[in-house]
Amino acid sequence: MQAQIAASERGSQQLLQMVDRYRLETVQAYMQHIQDNAEEAVRQAITVLQDGDFTYEMDDGNQIQVSVKIKDHSAIVDFTGTSPQQLSNLNAPLAICKAVVLYVFRTLVQDDIPLNAGCLKPLEIIVPEGCLLNPQYPAAVVAGNVETSQAIANALYGALGVLAASQGTMNNFTFGNEQYQYYETICGGSGAGATFDGTDAVQTHMTNSRLTDPEVLEWRFPVLVDMFAIRAGSGGQGKHSGGNGVIRRIRFREAMTAAILSGHRRIQPFGLAGGQAGKTGRNWVERSNGTIVEVSGKAEVQMLPGDVFVIETPGGGGFGEG
């Protein structure tokens, strides 16, 4: 919160400096120019799109239903039919849903424009109250930001028919005890498109976090990175193949609690236009005595010295018949 306050204060100072130098009327005019340009860029991108709808099933059985209707250089994005809010924490606040819509349509713009509210002007977004993407108090929402947001992005690309599913999860992995606490998100495969293959081992869509260097991780925490490698063959095949996920093995040297919050452990990331789906992810623990313990997509596990937590992340879907 202190960092947010400092950033806002710094931004305020620079904006006032700009007003002092160029006058308020000029600054306001250019602010409007930037938004108008973004609006026009999105309208141009919309002209090549077609109506579409998509039903996106999640591992817990809930679904995101989205319909996109194109009309007069604008689009109606309607999430009617999406599952109601849940007792779990996978509910996504309305602001998250709108942010994902903004992100998806911004990626369709080929021009180099700054992200701003002008991108939303050609879009009408309908999200029923009380659904998974517009929950009412006191719904829990912590996983809505990191997991459901990824599902919304995939669903929108599916409805638009432009991009097969990417891994669709951030593979949130945490571990710690009274002395150590650590949190990372783990990359996977991106979806293929009509003219390109997916990419191996990348963060996709609603996350841009990077992993701690292995040397730093092992220096600061009592763990060893046994393996961090591309999971060959996990991307869906097609005219253009989806990207591969990764395999990550973390060996513990002290007793700690580990937790995983991940998706696409049951449902495969979809392919488009005849492309095959990507492989689901998988989590398990290899105990020091050789015992294998399967771990669900959302779980907490007690780790002992010598135990290894293994995470295989999903691959992206393929596009087109190969």
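Residues numbered from 1 in each chain as written. Predicted model: local features only at pLDDT ≥ 70, side-chain atom pairs only at ≥ 80, totals over all residues. Heavy atoms only, no water.

Student: Where do I start with the overall build of the protein chain in this structure?
Tutor: Across its full length, the protein chain carries 5 helices and 13 strands. Against the compact-globule benchmark of 20 Å for 322 residues, the protein chain has a radius of gyration of 22 Å, which places it among compact chains. Relative to all contacts within the protein chain whose residues are 6 or more apart in sequence, the contacts with residues 24 or more apart total 71%. Split by element, the accessible area of the protein chain, about 16,000 Å² in all, is 52% carbon and sulfur. Measuring between centres, the 23 positive side-chain charges of the protein chain sit 2 Å from its 33 negative side-chain charges. (Helix = DSSP H or I, 4+ residues; strand = E, 2+ residues; numbered from the N terminus. Rg over C-alpha atoms; globule rule 2.2 N^0.38 Å. Contact = heavy atoms within 4.5 Å. Areas by Shrake-Rupley, 256 points an atom, 1.4 Å probe, with all protein chains shown as cover. Lys, Arg positive; Asp, Glu negative; His and termini not counted. Charge placed at Lys NZ, Arg CZ, Asp CG, Glu CD.)

Student: Can you walk me through empty space enclosed by the protein in this structure?
Tutor: Any empty space left between the atoms is revealed when a probe the size of a water molecule rolls over them. Taken as a whole, this structure holds 1 cavity of 30 Å³ or more when the rule is applied. Volume-wise, the largest cavity comes out at about 130 Å³. Contributing to the lining of the largest cavity are 14 residues, with M58, D59, G168, G263 and H264 lying nearest its centre. Of the residues belonging to the lining of the largest cavity, the class tally is 5 nonpolar, 4 polar and 5 charged. (1 Å grid on protein atoms, 1.4 Å probe; cavity = no way out; pocket = protein on both sides within 12 Å on 5 of 7 lines; lining within 4 Å. Points joined across faces, edges and corners; volume = space filled by probe spheres on them. Nonpolar A, V, L, I, M, F, W, Y, C, P; charged D, E, K, R; others polar.)

Student: Please explain the packing of aromatic side chains as it appears in this structure.
Tutor: Each aromatic ring pair is summarised here by two numbers: the centre-to-centre distance and the angle between the ring planes. The final tally for this structure, using the stated rule, is 9 aromatic pairs. Aromatic side chains F175 and Y182 sit 5.0 Å apart centroid to centroid with 35° between the ring planes, which places their arrangement in the tilted category. Grouping residues by exposure puts F175 and Y182 together as buried. Aromatic side chains F175 and F252 sit 5.3 Å apart centroid to centroid with 80° between the ring planes, which places their arrangement in the edge-to-face category. Highlighted residues: F175 in strand β5 (residues 172–176) and F252 in strand β8 (residues 245–252), separated in sequence by 77 residues. Judged by its relative accessible area of 5%, F175 is buried. Put simply, the rings of F173, F175, Y180, Y182, F221, F252 and F309 touch in pairs and so form one group of aromatic residues. Geometry around F228 places R248 over its ring, the cationic atom sitting 4.7 Å from the centre. In this structure, R282 is placed above the aromatic ring of W284, and the distance from its NZ or CZ to the ring centre is 3.8 Å. (Phe/Tyr/Trp six-rings, centres within 6.5 Å; stacked < 30°, edge-to-face > 60°. Buried < 20%, exposed > 50% of the residue type's maximum accessible area, 1.4 Å probe, protein only. Lys NZ or Arg CZ within 6 Å of the ring centre and 35° of its normal.)

Student: Before we go on, may I ask you to explain the pattern of salt bridges in this structure?
Tutor: Where charged atoms of side chains with opposite charge meet at close range, the side chains can pair. Scanning all chains against the criterion turns up 8 salt bridges. Between E294 and R282 there is a salt bridge, and its shortest N-O distance comes to 2.5 Å. A residue pair is termed long-range when its members are at least 10 positions apart, and E294 in strand β11 (residues 292–295) and R282 in strand β10 (residues 282–286) qualify at 12 residues. The closest approach of N and O atoms between R287 and D307, which form a salt bridge, is 2.7 Å. Here the residue R287 occupies a position in the loop between β10 and β11, and D307 occupies one in the loop between β12 (298–303) and β13 (308–312), the gap between them amounting to 20 residues. The class of R287 is partly exposed, set by a relative accessible area of 23%. (Salt bridge = Lys/Arg side-chain N within 4 Å of Asp/Glu carboxyl O.)

Student: Help me understand the layout of surface pockets, please; the structure alone is not making it clear to me.
Tutor: Estimated volume of the largest pocket: approximately 180 Å³. Lining the largest pocket are A45, V48, L49, T107, L108, Q110, Y157, V162, L163 and F196. Residues belonging to the lining of the largest pocket are distributed by class as follows: 8 nonpolar, 2 polar and no charged.

Student: Is there a simple way to think about helix α2 (residues 24–46) in this case?
Tutor: Owing to its 3.6 residues per turn, the α-helix aligns residues three or four sequence positions apart on the same side. Over its 23 residues, α2 runs 33 Å from end to end, which matches the ideal 33 Å to within 8%, given 1.5 Å per residue. Within the span of α2, buried status applies to V27, A38, E39, A41, V42, R43, A45 and I46. Looking at the buried positions of α2, the neighbouring elements they touch are α1 (2–22), β2 (63–71), β3 (74–78), α3 (94–107) and β4 (123–126). (Expected span 1.5 Å × (residues − 1).)

Student: Would you mind showing me how to read the nonpolar core here?
Tutor: The tendency in soluble globular proteins is for nonpolar side chains to be buried as a group. Membership of the largest hydrophobic core comes to 46 residues, with the highest contact counts inside it found for I64, V66, F79, F105, L133 and L156. Counting residues per element, the ones that place at least two in this core are α2, β1 (52–57), β2, β3, α3 and α4 (142–160). Per-element tally for this core: the top contributor is α4, with 8 residues. Residues contacting L156, with those up to four places away along its chain left out, are V66, V77, F79, V100, V101 and V104. F173, F175, Y180 and C187 belong to the second largest nonpolar core, which has 22 residues in total. (Core = buried A, V, L, I, M, F, W, Y, C linked by side-chain atoms within 4.5 Å.)

Student: Any chance you could explain the pairing of β5 here in plain terms?
Tutor: For a regular strand, side chains alternate in direction, first toward one face of the sheet and then toward the other. For β5, a buried count of 4 out of 5 residues is recorded, marking the element as mostly surrounded by other parts of the structure. Here β5 runs beside strand β9 (residues 256–261); their pairing, made up of 5 bridges, is antiparallel. Following the sheet pairing, F175 is matched in β9 by A258. Strand direction decides the pairing type here: β5 and strand β6 (residues 181–184), joined by 4 bridges, are antiparallel. The residue bridging F173 from the neighbouring strand is E184, located in β6. Hairpin connection of β5 to β6: 4 residues between the antiparallel strands. (Pairing = 2+ DSSP bridges.)

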